[in-house]
Amino acid sequence: MTRRIVVKLGTSVLTGGTATLDRARMVELARQCAALFHQGNDIILCTSGAILAGRERLGAPKLPDTVTTKQMLAAVGQSRLMLEWERFFEIYGIHVGQILLTRADVEDRRRFLNAQDTLRALLEQRIVPVINENDAVATAEIKVGDNDNLSALVAVLAEADLLILLTDQPGLFTADPRRNSDAQLIPEVESIDKTLREMAGGSVSGLGVGGMVTKLQAADVARRAGVDVVIASGHAPDVISRISHGESVGTRFPALETPLESRKR
Ligand code: GLU
């Protein structure tokens, strides 16, 4: 069975915790996506790293910590990031197409349908959509704010079957594994309740915007729309294909309704 899979790559995955893009890792992730793509699946990439790539490109200049600085860095970095994805997917004979979204694009019905048309057209032509928030112009009021939630909206928009949130952690734990050696990986989550939210509370990785809290929000949105969600480590070997083949990797949130039911809704 071929499926539509959204792969969300956080900054911590793309950099391996450093201040620069880890290109070897990016190629490896592109390879994994390409393997699934060539098996007939639709792949949509939701990539962070624009601001970081901008900083890297300009040689990490000392700049005031303002919204405008971030927008400027995103403007430089987004094209850089895209250039890299284009190069890496080209190795596997795959074209990519960029879509930059803000919250308004998914909240307004006309714009939602418009974005959906573009996404569909790309997928029909067997092009991998590469999506990020439009950081260069989006201000706080119109931003989704983090790519976990953005990728969930994309999964809804694309009527995807599976959303894979790759991060620097192996999944969701009963406590923060960096602070608590008794912390245990939760392989499957049936319901996202208050206890779970509290458990996820403190874990934020250093570089990206999101932590486990935004991942839980994203999982909640996507699974309600009939999308299976998995949070896993982007560093685990062959993680994307293992997840898509149903192996128990990371933390899985099974979809709450079938995509058909949710489409009707
Ligand atoms: N859109 C941001 C960027 O490309 C990342 C947001 C996030 O990491 O959640 O830098």
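These lines cover the structure that appears in this document, whether it is placed above or below. This is a predicted model, so every value here is computed, not measured.

1. Side note on the site of the ligand
Taken together, 10 residues form the shell around the ligand, and within it Gly49, Ala50, Asn132, Asp135 and Asn147 come nearest. Within the backbone of Gly49, a nitrogen or oxygen atom sits 3.2 Å from an oxygen atom of the ligand. Asn132 has a polar side-chain atom sitting 2.8 Å from an oxygen atom of the ligand. In the complex, 93% of the free accessible area of the ligand, which totals 300 Å², lies under the protein chains. Taken together, the residues of the shell around the ligand sort by class into three nonpolar, five polar and two charged.

2. Observations regarding the side chain of Ser151
The topology assignment puts Ser151 in helix 7 (residues 147–157). Within polar-contact distance, the side chain of Ser151 engages the backbone oxygen of Asp148 at 2.7 Å. Apart from residues lying up to four places away in sequence, Ser151 is in contact with Val6, Lys8, Cys46, Leu163 and Leu165.

3. Looking at unusual backbone geometry
Even without being glycine, Glu159 reaches a positive phi, approximately 50°. Residue position: Glu159 is located in the loop between helix 7 and strand 5 (162–167). Glu159 gets classed as partly exposed once you look at its relative accessible area, which sits at 25%. At Asp238, a residue that is not glycine, the phi angle is positive and equals roughly 50°. You can see Asp238 is positioned in the loop between strand 6 (228–233) and helix 10 (239–244). With relative accessibility at 34%, the residue Asp238 sits in the partly exposed group.

4. A few points about the sheet that holds strand 2 (residues 42–47)
Taken in spatial order, the seven strands make up an open sheet running 3-4-2-1-5-6-7, and their pairing is mixed. Each edge of the open sheet carries a strand with a single partner, namely strand 3 (95–101) and strand 7 (251–253). The mean angle between the axes of side-by-side strands here comes to 20°, regardless of whether they run parallel or antiparallel. In this structure, strand 2 lies alongside strand 4 (residues 127–133), joined through two bridges in parallel fashion. Within the sheet, the bridge partner assigned to Leu45 lies in strand 4 and is Val130.

5. Some remarks on the pattern of salt bridges
With the rule as written, the count across this model stands at 17 salt bridges. Note that Lys215 is salt-bridged to Asp148, the shortest N-O span being 3.2 Å. Highlighted residues: Lys215 in helix 9 (residues 212–224) and Asp148 in helix 7, separated in sequence by 67 residues. Because the salt bridges share partners, they merge into one network encompassing Arg23, Glu56, Glu84 and Arg87.

Reading the values: the criteria
- Residues numbered from 1 in each chain as written.
- Predicted model: local features only at pLDDT ≥ 70, side-chain atom pairs only at ≥ 80, totals over all residues.
- Heavy atoms only, no water.
- Near = heavy atom within 4 Å.
- Polar contact = N/O pair within 3.5 Å; in protein donor to acceptor, adjacent residues only side chain to side chain.
- Areas by Shrake-Rupley, 256 points an atom, 1.4 Å probe, with all protein chains shown as cover.
- Nonpolar A, V, L, I, M, F, W, Y, C, P; charged D, E, K, R; others polar.
- Helix = DSSP H or I, 4+ residues; strand = E, 2+ residues; numbered from the N terminus.
- Contact = heavy atoms within 4.5 Å.
- Buried < 20%, exposed > 50% of the residue type's maximum accessible area, 1.4 Å probe, protein only.
- Pairing = 2+ DSSP bridges.
- Axes fitted to C-alpha atoms, helices over the stretch in contact; angles between N-to-C directions.
- Salt bridge = Lys/Arg side-chain N within 4 Å of Asp/Glu carboxyl O.

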